[in-house]
Amino acid sequence: MNEYVLEMKGITKTFPGVIALDNVSFGVKKGEVHALVGENGAGKSTLMKILNGVIKANSGEMYLDGTKTNISGVNDAQDKGLSIIFQEFNLINTLSVAENIFLGGLNRPKIVDWRNMRIKAQGLLKSLGFSFDVRRVVGELSTAEKQLVEIAKALSFNSKIIVMDEPTSSLTKSEEKMLFKIIKELKAKGVTIIYISHKLEEIFEICDTVTVLRDGKVIDVNPVSAITKDMIIEKMVGRTVDVEYPKRTILPGEKVMEVKNLYRTKILKNISFDLRKGEILGIAGLVGSGRTELAEAIFGAERFDKGNIKINGKVIKLRSTRDGKANSIGMVTEDRKETGLVLDFSVTNNITITNLNNVTSQRILNSRKEKDVAKRFIEELKIKTPSHKQEVVNLSGGNQQKVVLAKWLFSNADILILDEPTRGIDVGAKYEIYCLMNKLVAEGKSIIMISSELPEVLGMSDRILVMHEGEIKGELLGESASGEDVMQMIIN
Ligand SMILES: Nc1ncnc2c1ncn2[C@@H]1O[C@H](COP(=O)(O)OP(=O)(O)OP(=O)(O)O)[C@@H](O)[C@H]1O
Ligand SMILES: [Mg+2]
């Protein structure tokens, strides 16, 4: 018997101006968890979309259990025992959780038994250890909850090969643990998993084998036991990279923002803090602790019931994001697809949209200036795109995130709120983003950074506010704080 449950041979895929996959061969054994890693734009998602019939390769062959197979589309892939947890959520916001989970089934002509579907969906979520009402409309769910629905959906098909494309990028540590438990159970049942992630620690926790892709080519395949994190990074990037946090020398100056007793029923409990010029203020806390809600309140995207916000000593009116922008506050949102980008606009237009004055001469948009700005950011952030004119919908997930960042770096906002800024960004590019953050504060801007990656908050912040259940439980100095200090504050 063939030891490979899946083999892809000589897969090539091109898009206009891009060779996404160049003669890739990829083999996976039955019952293993196989990691697929590589920089943003390396071709990971593309390869997995070909496997799941979402897109077609230009050339190449595929074998399932040693038999040559053709996948004609998504339904065909499902019938052949393949499913995928998409990196970009593939959910329909106006439908319920239950409907989203079983939509694959709904696509085909048959009568829908709504009650039965709800019961099944609830049972499925329960068996996974997730507890939320399947009648809720997906559009109202948090990013983490959407991720859980996406996971449940992929598992509902009882597939024999499941692809997970960055499944933990918006999960909390406890949900991540739940997912790892599920993966181990699936593996024990003989299910094969292909696991994509930029969090390389995860690979050492749950994967057996790792394939590294670089620029659309397979660079290396190894048992996880025979490789280290540094070796993986070097193969991914093609050189050694700095994974430490770059140092800052400048000390924060005068207060630029004062938040006093901000209150919103059930969500924010009398939040007070200051932000200084040239400061990076980290906000740590579990998902659901109110960090995003606080960020949205001080940007004007969400209301607050009581309290006030002063900028440079004056109380400001903050009823909409327009007020936020008028007061020179910018926000990089957690969910790039819904609120961060205009997907069918070009890279250039997405970046310059926050500061059109800067690319206008005599009230007319100057496309040369626009192009120069876009090209500068494409270079600084190493955005992988065939041209500055490419529509962002065609960029890889991590490169879309870089465009969101570029857009706010270019804005003239003095106060930048970054909500999970490095989500989905590869290890090499993270360091570049940290350096840019340091450059911004050195220019006198101030940054509020929310991140679920505790090492990142600890490594980059001057001060850290620890939030829990809508409250600030305490403050720590970035220089001396440890992960335990943060967790202690949350518990106490
Ligand atoms: N529909 C498309 N049209 C044009 N180019 C595309 C399209 N889909 C992907 N690409 C390009 O193919 C390359 C590989 O993209 P892919 O999404 O597979 O990367 P990835 O390894 O998943 O990266 P990330 O870690 O950022 O998710 C990128 O250069 C991307 O811009
Ligand atoms: Mg991807």
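Residues numbered from 1 in each chain as written. Chains lettered and ligands numbered in written order. Predicted model: local features only at pLDDT ≥ 70, side-chain atom pairs only at ≥ 80, totals over all residues. Heavy atoms only, no water.

Focus: the overall build of the chain
Right, so step 1: Assigned secondary structure in the chain consists of 18 helices and 22 strands.
Right, so step 2: Against the 2.2 N^0.38 benchmark of 23 Å for 492 residues, the chain shows a C-alpha radius of gyration of 23 Å, consistent with a compact globule.
Right, so step 3: Overall size of the chain, expressed as C-alpha extent along the three principal axes, is 75 × 50 × 45 Å.
Right, so step 4: Considering only intrachain contacts with a sequence separation of at least 6, the fraction spanning at least 24 residues in the chain is 65%.
Right, so step 5: A total accessible area of about 22,400 Å² is found for the chain, and carbon and sulfur atoms account for 49% of it.
Right, so step 6: With 69 positive and 64 negative side-chain charges, the chain shows a spacing of 4 Å between the two charge centroids. (Helix = DSSP H or I, 4+ residues; strand = E, 2+ residues; numbered from the N terminus. Rg over C-alpha atoms; globule rule 2.2 N^0.38 Å. Contact = heavy atoms within 4.5 Å. Areas by Shrake-Rupley, 256 points an atom, 1.4 Å probe, with all protein chains shown as cover. Lys, Arg positive; Asp, Glu negative; His and termini not counted. Charge placed at Lys NZ, Arg CZ, Asp CG, Glu CD.)

Side note on the confidence of the model for the chain
Right, so step 1: Mean pLDDT for the chain: 89, with 97% of residues reaching 70 or above.
Right, so step 2: Within the chain, strand β3 (residues 33-37) carries the highest mean pLDDT (98), whereas helix α4 (residues 103-106) carries the lowest (56). (pLDDT = per-residue confidence, 0-100.)

Considerations on the sheet that holds strand β12 (residues 268-276)
Right, so step 1: Taken together, the 4 strands give an open sheet; going across it, the order is β12-β11-β14-β15, and neighbouring strands pair in antiparallel fashion. The strands lining the two open edges of the sheet, one partner per strand, are β12 and β15 (314-315).
Right, so step 2: In this sheet, strand β14 (residues 306-311) lies alongside strand β11 (residues 255-264) in antiparallel orientation, the contact comprising 5 bridges. In the sheet register, Met257 faces β14, and the bridge partner there is Ile311.
Right, so step 3: The strands touched by helix α10 (residues 291-299) within the sheet are β11, β12 and β14, with β12 carrying the most contacts at an inclination of about 65°. (Pairing = 2+ DSSP bridges. Axes fitted to C-alpha atoms, helices over the stretch in contact; angles between N-to-C directions.)

Some words on the coordination of the magnesium ion (ligand 2)
Right, so step 1: Each protein donor to the magnesium ion (ligand 2) is listed here as Ser45 (OG) and Gln87 (OE1); together their distances run 2.0 to 2.2 Å. Pair noted here: Ser45 is in helix α1 (residues 44-51) and Gln87 is in the loop between β6 (82-85) and α3 (97-101), with a separation of 42 residues, a long-range link. Both residues of the pair, Ser45 and Gln87, belong to the buried class. (Donors = N, O, S within 2.8 Å, 3.2 Å for Na, K, Ca; no water. Buried < 20%, exposed > 50% of the residue type's maximum accessible area, 1.4 Å probe, protein only.)

Let's talk about the nonpolar core
Right, so step 1: Val97, Met164, Ile183, Ile193 and Tyr195 are the most contacted members of the largest nonpolar core, which totals 50 residues.
Right, so step 2: The biggest single contributor to this core is helix α6 (residues 143-155), with 6 residues.
Right, so step 3: Here Val97 is in contact with Leu125, Phe132, Asp133, Val134, Arg136, Val138, Leu141 and Val149, once residues within four sequence places are set aside.
Right, so step 4: Core analysis: the second largest hydrophobic core is formed by 34 residues, Val359, Val392, Val404 and Ala406 among them. (Core = buried A, V, L, I, M, F, W, Y, C linked by side-chain atoms within 4.5 Å.)

Regarding the environment of Val392
Right, so step 1: Inspection of the secondary structure puts Val392 in the loop between α14 (367-380) and α15 (397-410).
Right, so step 2: Residue classification places Val392 among the buried residues on the basis of a relative accessible area of 0%.
Right, so step 3: Discounting chain neighbours no more than four positions away, the residues touching Val392 are Leu341, Val342, Leu343, Phe345, Ser346, Val347, Asn350, Gln400 and Val403.

A word on the site of ligand 1
Right, so step 1: Contacts to ligand 1 come from 22 residues, most closely from Gly41, Lys44, Thr46, Ser396 and Gly398.
Right, so step 2: At a separation of 2.8 Å, an oxygen atom of ligand 1 approaches a polar side-chain atom of Ser45.
Right, so step 3: Starting from 640 Å² of accessible surface for ligand 1 in isolation, the protein chains cover 90%.
Right, so step 4: Those elements that provide at least two residues to the shell around ligand 1 are β2 (18-29), α1 and α15.
Right, so step 5: When its residues are assigned to classes, the shell around ligand 1 shows 5 nonpolar, 13 polar and 4 charged.
Right, so step 6: Each of two domains, domain 1 (4-237) and domain 2 (255-491), supplies a minimum of three residues to the shell around ligand 1. (Near = heavy atom within 4 Å. Polar contact = N/O pair within 3.5 Å; in protein donor to acceptor, adjacent residues only side chain to side chain. Nonpolar A, V, L, I, M, F, W, Y, C, P; charged D, E, K, R; others polar. Domains from an automatic or database assignment.)

Thoughts on the domain arrangement of the chain
When the parts of a complex come together, some accessible area is lost, and that lost area is often used as the size of the interface.
Right, so step 1: Domain annotation for the chain reports domain 1 (4-237) and domain 2 (255-491).
Right, so step 2: Just the C-alpha atoms count here: the centres of domain 1 and domain 2 sit 29 Å apart.
Right, so step 3: Of the residues lining the interface, 24 residues belong to domain 1; the matching set on domain 2 comes to 21 residues.
Right, so step 4: Between domain 1 and domain 2 lies a buried interface of about 1,800 Å² when both sides are counted; carbon and sulfur atoms form 47% of it.
Right, so step 5: By the criterion of area lost to domain 2, the three top residues of domain 1 are Asn40, Glu88 and Thr143, representing 31% of everything that side buries.
Right, so step 6: At the junction of domain 1 with domain 2, the criterion picks out 2 salt bridges.
Right, so step 7: Summed over the shared surface of domain 1 and domain 2, the number is 4 residue pairs in polar contact (both at pLDDT 80 or more).
Right, so step 8: Breaking the side of domain 1 that touches domain 2 down by element, the ones donating at least two residues are α6 and α9 (229-237).
Right, so step 9: Of the residues forming the side of domain 1 that touches domain 2, the biggest block, 3 residues, is contributed by α6.
Right, so step 10: Residue composition of the side of domain 1 that touches domain 2, grouped by class: 8 nonpolar, 10 polar and 6 charged. (Buried area = accessible area lost by both parts, 1.4 Å probe. Salt bridge = Lys/Arg side-chain N within 4 Å of Asp/Glu carboxyl O.)

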